[in-house]
Amino acid sequence: NAGVTQTPKFQVLKTGQSMTLQCAQDMNHNSMYWYRQDPGMGLRLIYYSASEGTTDKGEVPNGYNVSRLNKREFSLRLESAAPSQTSVYFCASSRGHGDNQPQHFGDGTRLSIL
Amino acid sequence: RKEVEQDPGPFNVPEGATVAFNCTYSNSASQSFFWYRQDCRKEPKLLMSVYSSGNEDGRFTAQLNRASQYISLLIRDSKLSDSATYLCVVNVGGKLIFGQGTELSVKP
């Protein structure tokens, strides 16, 4: 029962470094999402992929890029990390986009940028 | 104004108490509604969907008032294990909009 798997679970970067957060789901879901969660704020959508082959910006896309590698995998890349990107990142998936289905979340990546 | 607003709490209640959480949303085009539970910055987990007619799942009852754009969650007979942050979530055009969450602490 893996569900949504994120790697790594923790990461510390220096300002300006790049890295890719990985996400994979085994539920045969069509849609995948990346969120960030900061203290005092709700989860905010960074990017999403409604279906394989498509990606769209969410509420806070600046400083990030994504790749929907295949139906199972959706990666988030920070090209030049900044301290403001210190956050907890959650990947989620759902059966479809806009079909009123709930999303299922991975257990998060805790990222610190020094 | 935030799209989804919740009282952040914390709500401190004794075991066995009944507690109610409220949530308001601003987008009248919202399509579906959920309550999620989040423990100590772990991943959010779906607690229950919220239907227009109201729905119940054991000790949990959810209500939706579309006219007032208001959602509620009632927890009866609180358990220590109910201590968590409860997130009100609204689906708008396929995107989930999260409230800040309401923190609940159930004490012995």
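In this text the structure is predicted, and so the values were computed from the model without any measurement.

### Concerning the interface of chain B and chain A
The interface is formed by 19 residues belonging to chain B together with 24 residues belonging to chain A. Counting across the chain B and chain A interface gives zero salt bridges. At the surface where chain B touches chain A, the tally comes to four residue pairs in polar contact (both at pLDDT 80 or more). Those elements giving two or more residues to the side of chain B that touches chain A turn out to be strand E4 (32-38), strand E9 (84-92) and strand E10 (95-98) of chain B. Partitioned by chemical class, the residues of the side of chain B that touches chain A number seven nonpolar, eight polar and four charged.

### Focus: the confidence of the model for chain A
Averaged over chain A, the pLDDT score is 94; the fraction of residues at 70 or greater is 98%. No element of chain A has a lower mean pLDDT than strand E10 (residues 104-105) of chain A, which averages 95, and none a higher one than strand E8 (residues 74-78) of chain A, which averages 98.

### Things to note about unusual backbone geometry
Here the residue pair Thr7(A) and Pro8(A) is connected by a cis peptide bond, since its omega of -5° sits within 30 degrees of zero. Looking at where Pro8(A) falls in the secondary structure, it is placed in the loop between strand E1 (4-7) and strand E2 (10-13). Note the cis peptide between Gly9(B) and Pro10(B), where omega equals 10°. The topology assignment puts Pro10(B) in the loop between strand E1 (4-6) and strand E2 (11-14). Even without being a glycine, Asn28(A) presents a positive backbone phi close to 60°. Mapped onto the elements, Asn28(A) comes out in the loop between strand E3 (19-25) and strand E4 (31-37).

Analysis parameters
Residues numbered from 1 in each chain as written. Chains lettered and ligands numbered in written order. Predicted model: local features only at pLDDT ≥ 70, side-chain atom pairs only at ≥ 80, totals over all residues. Heavy atoms only, no water. Contact = heavy atoms within 4.5 Å. Salt bridge = Lys/Arg side-chain N within 4 Å of Asp/Glu carboxyl O. Polar contact = N/O pair within 3.5 Å; in protein donor to acceptor, adjacent residues only side chain to side chain. Helix = DSSP H or I, 4+ residues; strand = E, 2+ residues; numbered from the N terminus. Nonpolar A, V, L, I, M, F, W, Y, C, P; charged D, E, K, R; others polar. pLDDT = per-residue confidence, 0-100.

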